[in-house]
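Summary of structural features
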Amino acid sequence: VARMIRRYPAIPIGYSGHEAPDNLDVVKIAVSKGAGILERHVGVETDTIKLNKYSMNPEQTDAWVTGALTTHEICGSHDDEKLITQGEIESLLSLKRGIFAANNIVKGQQIKRSDVFFAMPCVDGQLDSGEFGRYRTTWIASRDYARNEAILEYQQPDTISMVRSVIHDAKGMLYEANIQIGSEFDIEISHHYGLEHFRQTGAILITLVNREYCKKLVIVLPNQKHPNHYHKQKEETFQLLWGDLELVLAGQERDLHPGDLGLIERRMWHSFTTKGGAIFEEISTKHIRDDSFYEDETINRQDLMLRKTIIEDW
């Protein structure tokens, strides 16, 4: 099933079974693999008509359908990511170990590993065991803490952790799309309103070739937008390789599907956004670094390198 879905992504793929009527394992596996259409032989016995070995009676059919629906609910749709419920989030948080004072700590004191212990539960606003040792092993207490009191300190997001998180998600999208980028490329994170707002506005640009012609891969994270802009010297064509992309050209919206092309001529205003994430190929004339002009003047006024993070270690 999974192979057929990859081979024919625009066609519903199903499963037709001839297993024993009481066997529910096969239909569950088929649904978990993405089968969207299910077929079985169903009949009703009479005094003169008996069912063959692979036909189900109404009771068996009910159990078979229930098994398929339950599996679909557990797995979620193959077209959409599984939505994590608030209950699941709260359940995971309840399993974290919080940081507690092993002895009295005074304001301004360095909080070292020897000053704390890890225990459950982890309350709102409390440092957890993962945060405490991930990037540093000492903290400065912002208040006094009594022995056994929960340590309530805030980890200010840092550039390294934000960039690592972005790279992790981008690599995951490339792997999921089965796109290999080789070993020769330049990568930059384009963050028009700062790295802390990158997941709302920006894109990851992977430059593979930049001669008289240019080839890039552009990765747009889920729910991310690239603001309205144009180029004076560069003409470019986008081809969506994976995901969904809404391309706005000169004010006209167009939804791209994998394989679709979008031509952006010189001085044509354009922007793009995605719901579930997108990877597209950009083929253009030579890329010139200062050839992007934005509708939002606050972006234009920024130093170019303040809204770019160059990635050397991918």
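First, a word on what this report is: a plain description of the structure on this page. It should be emphasised that the depicted structure is a prediction, and the values quoted were computed from it without experimental measurement.

Quick notes on the rules
- Residues numbered from 1 in each chain as written.
- Predicted model: local features only at pLDDT ≥ 70, side-chain atom pairs only at ≥ 80, totals over all residues.
- Heavy atoms only, no water.
- Buried < 20%, exposed > 50% of the residue type's maximum accessible area, 1.4 Å probe, protein only.
- Helix = DSSP H or I, 4+ residues; strand = E, 2+ residues; numbered from the N terminus.
- Pairing = 2+ DSSP bridges.
- Polar contact = N/O pair within 3.5 Å; in protein donor to acceptor, adjacent residues only side chain to side chain.
- Contact = heavy atoms within 4.5 Å.
- Expected span 1.5 Å × (residues − 1).

**Thoughts on the pairing of strand β16 (residues 261–264)**
Taking every second residue as pointing to the same face, the buried face of β16 carries G262 and I264, while none of L261 and L263 on the other face is buried. By the bridge criterion, four bridges tie strand β13 (residues 236–243) to β16 in an arrangement that is antiparallel. In the strand pairing of β16, T237 is matched with L263.

**A look at the side chain of K234**
Considering the arrangement of structural elements, one finds K234 in the loop between β12 (225–230) and β13. Polar contacts involving the side chain of K234 include one to the side chain of E282, which spans 3.0 Å. Here K234 is in contact with K216, R266, E282, S284, T285, K286, H287 and D291, once residues within four sequence places are set aside.

**Description of helix α6 (residues 159–177)**
Here α6 contains 19 residues, and its C-alpha end-to-end distance of 27 Å stays within 8% of the 27 Å for a straight helix at 1.5 Å per residue. Listed as buried for α6 are S161, V163, V166, I167, A170, M173, L174 and A177. Residues of α6 that are buried make contact with β9 (186–190), β10 (203–210), β11 (213–220), β13, β18 (278–285) and β20 (308–311).

Remember, this is a structural readout, not a statement about activity or role.
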